[in-house]
Amino acid sequence: MQLTENSVGRKLLMAVTGALLLGFVIVHLLGNSSVFLGPDGINSYAENLHNLGPIVWVFRLVMLGLIVVHIWFGVSLTLENSAATPIGYASQEYRRATFSSRTMIYTGLALLAFIIYHLLHFTVQITDVEFAARQNMDAINRPDVFGMVVNGFKQTFTTVLYVVAMIVLFLHLSHGVQSILQTVGLSNDKSLPVVTLAGKGLAFVLLLGYISIPILIIAGIVKI
Ligand code: HEM
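Residues numbered from 1 in each chain as written. Predicted model: local features only at pLDDT ≥ 70, side-chain atom pairs only at ≥ 80, totals over all residues. Heavy atoms only, no water.

Draft legend 1. Just the overall build of the chain, in detail. Helix and strand counts for the chain stand at 10 helices and 0 strands. On the principal axes, the C-alpha backbone points of the chain span a range of 65 × 35 × 30 Å. Burial analysis of the chain (224 residues in total) assigns 36% to the buried set. The long-range share in the chain, meaning contacts at least 24 apart out of those at least 6 apart in sequence, stands at 79%. (Helix = DSSP H or I, 4+ residues; strand = E, 2+ residues; numbered from the N terminus. Buried < 20%, exposed > 50% of the residue type's maximum accessible area, 1.4 Å probe, protein only. Contact = heavy atoms within 4.5 Å.)

Right, here's the structure in full:
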């Protein structure tokens, strides 16, 4: 398909919003890893974040904007590509594409569903009726994020759901990272194999980091 100026602009916006969302995913994992330091680690980390007051809301609005723009252009470019690709060409392209590049739209939409569930789980806290009904403050009156996370991942269903969601995130980033670098011109034919490998490597490290939290909790290694 011939790229129009308009689709180049949209691809660039997808790359920029994707890079910023990737930045969030890296920082969020580093913050969440404070769960391994025990209640004091993650509860003081969360308290410091909440104490930022209005900045938290500005950050949330920016995140929402990034997600909306990324999904909007992702869906519109996918629809346009499939409408404009001739059948013979499509089968040649299909052979060259990897599983993660062909499924970007599905893994992206599955991540949206995960984020909605995740916000209801840990931010709004309405999926765990028992936790919501209890006094959810720690010994020194900070929100007990450690108790919430550990109790959440003691349940097999929740742990399996998060592990599956992190595998979906891995698939999305496996193609996404190298796609960002290609769109912004930081990769060429020669460097593509290295860039692809580095993208998959980063996605794999994030997968291991994220799934280690629910797995170490359900295995009883991180406990209250
Ligand atoms: C094992 C995996 C994860 C754990 C344990 C985890 C943990 C948490 C916790 C505890 C909070 C609430 C923080 C607070 O209000 O104090 C939170 C919020 C959030 N998480 Fe995660 N998270 C995980 C994976 C992810 C992933 C993969 C994404 C994105 C793709 C994500 C996106 C968010 C967002 C957008 C928020 C809301 C931030 C806000 O309230 O401003 N999380 N997460």
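From this point on, the discussion continues.
Draft legend 2. Representation of the coordination of the iron atom of the ligand in the model. Surrounding the iron atom of the ligand are the protein donor atoms H28 (NE2) and H118 (NE2), at 1.9 to 2.0 Å. Considering all 6 donor atoms around the iron atom of the ligand, the spread of angles at the metal, 87 to 179°, places the coordination shape in the octahedral class. Residue H28 is located in helix α1 (residues 5–32), and its partner H118 is located in helix α6 (residues 104–123); the two are separated by 90 residues in the primary sequence. Relative accessible area serves as the criterion here: at 23%, H28 is assigned to the partly exposed category. (Donors = N, O, S within 2.8 Å, 3.2 Å for Na, K, Ca; no water. Tetrahedral: all angles 85-135°; square planar, octahedral: opposite > 155°, others 65-115°.)

Draft legend 3. Inspection of unusual backbone geometry at higher detail. Of note in the backbone geometry, Q125 takes a positive phi value of approximately 60° without being a glycine. With respect to the helices and strands, the residue Q125 is situated in the loop between α6 and α7 (129–133). For N141, which is not a glycine, the phi torsion comes out positive at approximately 65°.

Draft legend 4. Up close: the pattern of salt bridges. Enumeration over the complete set of coordinates arrives at 3 salt bridges. Of the charged contacts, one joins D138 and R142 as a salt bridge, the two residues approaching to 2.8 Å between their closest N and O atoms. Looking at R142, the relative accessible area reads 7%, which means it is buried. The network of salt bridges with shared partners includes D40, D138 and R142. (Salt bridge = Lys/Arg side-chain N within 4 Å of Asp/Glu carboxyl O.)

Draft legend 5. Local environment of the site of the ligand. Close to the ligand lie 19 residues, the nearest being H28, N32, H50, R60 and H118. Within the side chain of H28, an N or O atom sits 2.9 Å from a nitrogen atom of the ligand. Where the shell around the ligand is concerned, the elements lending two or more residues are α1, α2 (39–50), α6, α8 (145–152), α9 (156–183) and α10 (192–218). At 5 residues, α6 tops the list of elements feeding residues into the shell around the ligand. Broken down by class, the residue content of the shell around the ligand amounts to 13 nonpolar, 5 polar and 1 charged. (Near = heavy atom within 4 Å. Polar contact = N/O pair within 3.5 Å; in protein donor to acceptor, adjacent residues only side chain to side chain. Nonpolar A, V, L, I, M, F, W, Y, C, P; charged D, E, K, R; others polar.)

Draft legend 6. Examining a nonpolar patch on the surface more closely. A cluster of nonpolar side chains, L12, V16, L20, V184 and L186, forms an exposed patch at the surface whose accessible area comes to about 440 Å². On the secondary structure map, V184 appears in the loop between α9 and α10. (Patch = residues over 30% accessible without salt bridge, like charges linked within 9 Å, V, L, I, M, F, W, Y side chains within 5 Å. Areas by Shrake-Rupley, 256 points an atom, 1.4 Å probe, with all protein chains shown as cover.)

Draft legend 7. Looking closely at the environment of N141. For N141, the position within the fold is in the loop between α7 and α8. We classify N141 as exposed; its relative accessible area is 55%. Each C-alpha atom, one on N141 and one on G185, is 50 Å from the other, the two residues being 44 residues apart in sequence.

Draft legend 8. Focus on α10. If you check α10, its first and last C-alpha atoms are 39 Å apart, about what 27 residues at 1.5 Å a residue would give, namely 39 Å. Along its length, α10 shows its largest kink, about 35°, at S212, and proline P214 lies within four residues downstream of that point. Looking only at α10, the buried set comprises V195, G199, A203, L206, L207, G209, Y210, I211, I213, P214 and I217. Where α10 is buried, its residues meet α1, α8 and α9. The first or second residue beyond α10 is G220, which carries a positive phi of 85°. (Expected span 1.5 Å × (residues − 1). Bend = angle between axes of the 7 residues up to and from the residue.)

Without other data, these values stay purely geometric and don't point to any function.
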